[in-house]
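The residues making up each chain are set out below.
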Amino acid sequence: MNGTNGWTPVQRVRTSEQVMAQIEERILDGRLRAGDHLPSERELAAMLGVSRPSLRESLRVLEALGILDIRRGGGAGGGAVLLGVPGPGFVNLLKLQLALGQFTAVDVLETRVALESWSAAEAARRAGPADLAALSGILDRMDEPAITAAAFNGLDAAFHTRVADATGNALTAHLMAALRTAINRQMVEAYSALPDWRLTAETVRAEHRAILDALGAGTPEEASRLMHDHIHDFYALGAQAPSRLH
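Rules of the game
- Residues numbered from 1 in each chain as written.
- Predicted model: local features only at pLDDT ≥ 70, side-chain atom pairs only at ≥ 80, totals over all residues.
- Heavy atoms only, no water.
- Helix = DSSP H or I, 4+ residues; strand = E, 2+ residues; numbered from the N terminus.
- Rg over C-alpha atoms; globule rule 2.2 N^0.38 Å.
- Buried < 20%, exposed > 50% of the residue type's maximum accessible area, 1.4 Å probe, protein only.
- Areas by Shrake-Rupley, 256 points an atom, 1.4 Å probe, with all protein chains shown as cover.
- Lys, Arg positive; Asp, Glu negative; His and termini not counted.
- Charge placed at Lys NZ, Arg CZ, Asp CG, Glu CD.
- Expected span 1.5 Å × (residues − 1).
- Polar contact = N/O pair within 3.5 Å; in protein donor to acceptor, adjacent residues only side chain to side chain.
- pLDDT = per-residue confidence, 0-100.
- Contact = heavy atoms within 4.5 Å.
- Arc of directions from axis to C-beta.
- Phe/Tyr/Trp six-rings, centres within 6.5 Å; stacked < 30°, edge-to-face > 60°.
- Patch = residues over 30% accessible without salt bridge, like charges linked within 9 Å, V, L, I, M, F, W, Y side chains within 5 Å.
- Salt bridge = Lys/Arg side-chain N within 4 Å of Asp/Glu carboxyl O.
- Domains from an automatic or database assignment.
- Core = buried A, V, L, I, M, F, W, Y, C linked by side-chain atoms within 4.5 Å.

A. Seen up close, the overall build of the protein chain. The helix and strand tally for the protein chain stands at 11 helices and 2 strands. Start at the N end of the protein chain and walk to the C end: the helices and strands fall as α-α-α-β-β-α-α-α-α-α-α-α-α. Taken against the 2.2 N^0.38 rule, which gives 18 Å for 246 residues, the C-alpha radius of gyration of the protein chain at 23 Å runs more than 25% over that of a compact globule. Evaluated residue by residue, the protein chain yields a buried proportion of 43% over its 246 residues. Accessible surface computed for the protein chain: about 13,000 Å², of which carbon and sulfur atoms make up 56%. Taken as two groups, the 24 positive and 29 negative side-chain charges of the protein chain have centres that lie 8 Å from each other.

B. Quick look at helix α8 (residues 170-182). The terminal C-alpha atoms of α8 lie 18 Å apart, and with 13 residues this matches the ideal 18 Å at 1.5 Å per residue to within 8%. Within α8, burial applies to Thr172, Ala173, Met176, Ala178, Leu179, Arg180 and Ala182. The N-cap residue of α8 is asparagine 169: its side-chain oxygen and the backbone nitrogen of leucine 171 are 3.1 Å apart.

C. Structural context of the confidence of the model for the protein chain. Averaged over all residues, the pLDDT of the protein chain equals 87, while 91% of them reach at least 70. Here helix α9 (residues 184-193) stands out as the element of the protein chain with the lowest mean pLDDT, 82, in contrast to helix α6 (residues 129-142), whose mean of 98 is the highest. Segment residues 239-246: pLDDT under 50, and 25 contacts once partners within four positions in sequence are set aside and those in other chains are kept.

D. Region of the structure containing α6. Compared with the 20 Å implied by 1.5 Å per residue over 14 residues, the 20 Å span of α6 between its first and last C-alpha is a close match. If you check which residues of α6 are buried, you get Asp131, Leu135, Ile138, Leu139 and Met142. Down the axis of α6, the buried set is contained in an arc of 95°. They therefore lie on one face. Across from the buried face of α6, at angles greater than 90 degrees, the exposed residues are Pro129 and Ala130. Looking at the packing, one finds that the buried side of α6 touches α5 (105-126), α7 (149-165) and α10 (197-217).

E. How the structure looks around the packing of aromatic side chains. Taken as a whole and judged by the stated rule, the model has 1 aromatic pair. When the centroid spacing of 5.7 Å and the interplanar angle of 55° are considered together, the rings of phenylalanine 152 and tryptophan 197 count as tilted. Within this pair, whereas phenylalanine 152 is found in helix α7, its partner tryptophan 197 is found in helix α10, the two being separated by 45 residues in sequence. For tryptophan 197, a relative accessible area of 14% corresponds to the buried category.

F. View of a nonpolar patch on the surface. On the surface, Ile27, Val61, Leu65 and Ile67 cluster together to form a nonpolar patch covering roughly 280 Å² of accessible area. Classification of isoleucine 67 as partly exposed rests on a relative accessible area of 33%.

G. Inspection of the domain arrangement of the protein chain at higher detail. Partitioning the protein chain into domains gives domain 1 (15-82) and domain 2 (88-239). Centre-to-centre separation of domain 1 and domain 2, based on C-alpha positions: 37 Å.

H. Main features of the environment of leucine 32. Residue placement: leucine 32 occurs in the loop between α1 (15-28) and α2 (41-48). The exposure class of leucine 32 is buried, given its relative accessible area of 10%. With 139 residues separating them in the primary sequence, leucine 32 and leucine 171 have C-alpha atoms 21 Å apart. Residue contacts for leucine 32: discarding those within four places in its chain leaves Trp7, Ile23, Arg26, Ile27 and Leu38.

I. Molecular detail of the nonpolar core. Core analysis: the biggest nonpolar cluster contains 40 residues, and Met142, Phe152, Phe159, Val163, Tyr191, Trp197 and Leu215 have the highest contact counts within it. Counting only elements with at least two residues in this core, the list comes to α4 (89-99), α5, α6, α7, α8, α9, α10 and α11 (220-237). Tallying contributions element by element places α10 first for this core, with 7 residues. Not counting residues within four places of it along the chain, the set of residues in contact with phenylalanine 159 comprises Leu135, Ile138, Leu139, His208 and Ile211. One finds Trp7, Met20, Leu38 and Leu68 within the second-largest nonpolar core, a separate group that totals 18 residues.

In structure tokens, the structure reads:
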């Protein structure tokens, strides 16, 4: 252990995986925490007994997963830093898994109903004036006559994500944002495939307004019921085309 600060030299063939395993172990047991800097690339490669290219490969994977932020340059601000906020890794992975058909439209529907019904109820209990004002502003922008299907869908996603934010539960908000980002392409295609998407948009607007009213009134059961029905409505419209997600 001399001069290595507890890092164990990697012995096996799959060097990059061994490097990742040691970093992950230190995160899990609390020796590394959000905001901590890893040793410099040169120091860490020496401690682990690996080449710098092998080390870089591991660090790049952890960066892609949103665990590390690799900052260029030297000094106190440079190097690899453990992130304290969720990165884009989960979103990107979920998006690819949906595209590959690893989760079905039914999986998405059931997950959204469970997550968003709870979110609506909890937001009705916790939402403050700033939350309600933000949601109202999103709905006002959705009312613009010249809005496109893509812009409408973006605001629709923003509304649902903002409801999740209003719960005060950071994990719920992150999961909701990740899910809506992951299904964004399917959502845009679903709206575009409708015979008259603006007619459907009128229904969506009305349902959003009713949900917002329930949040403002502080009625959790009503907010949950309205959100449940709202999500089911669009899937019912696309019952013959399971790829349509809302």
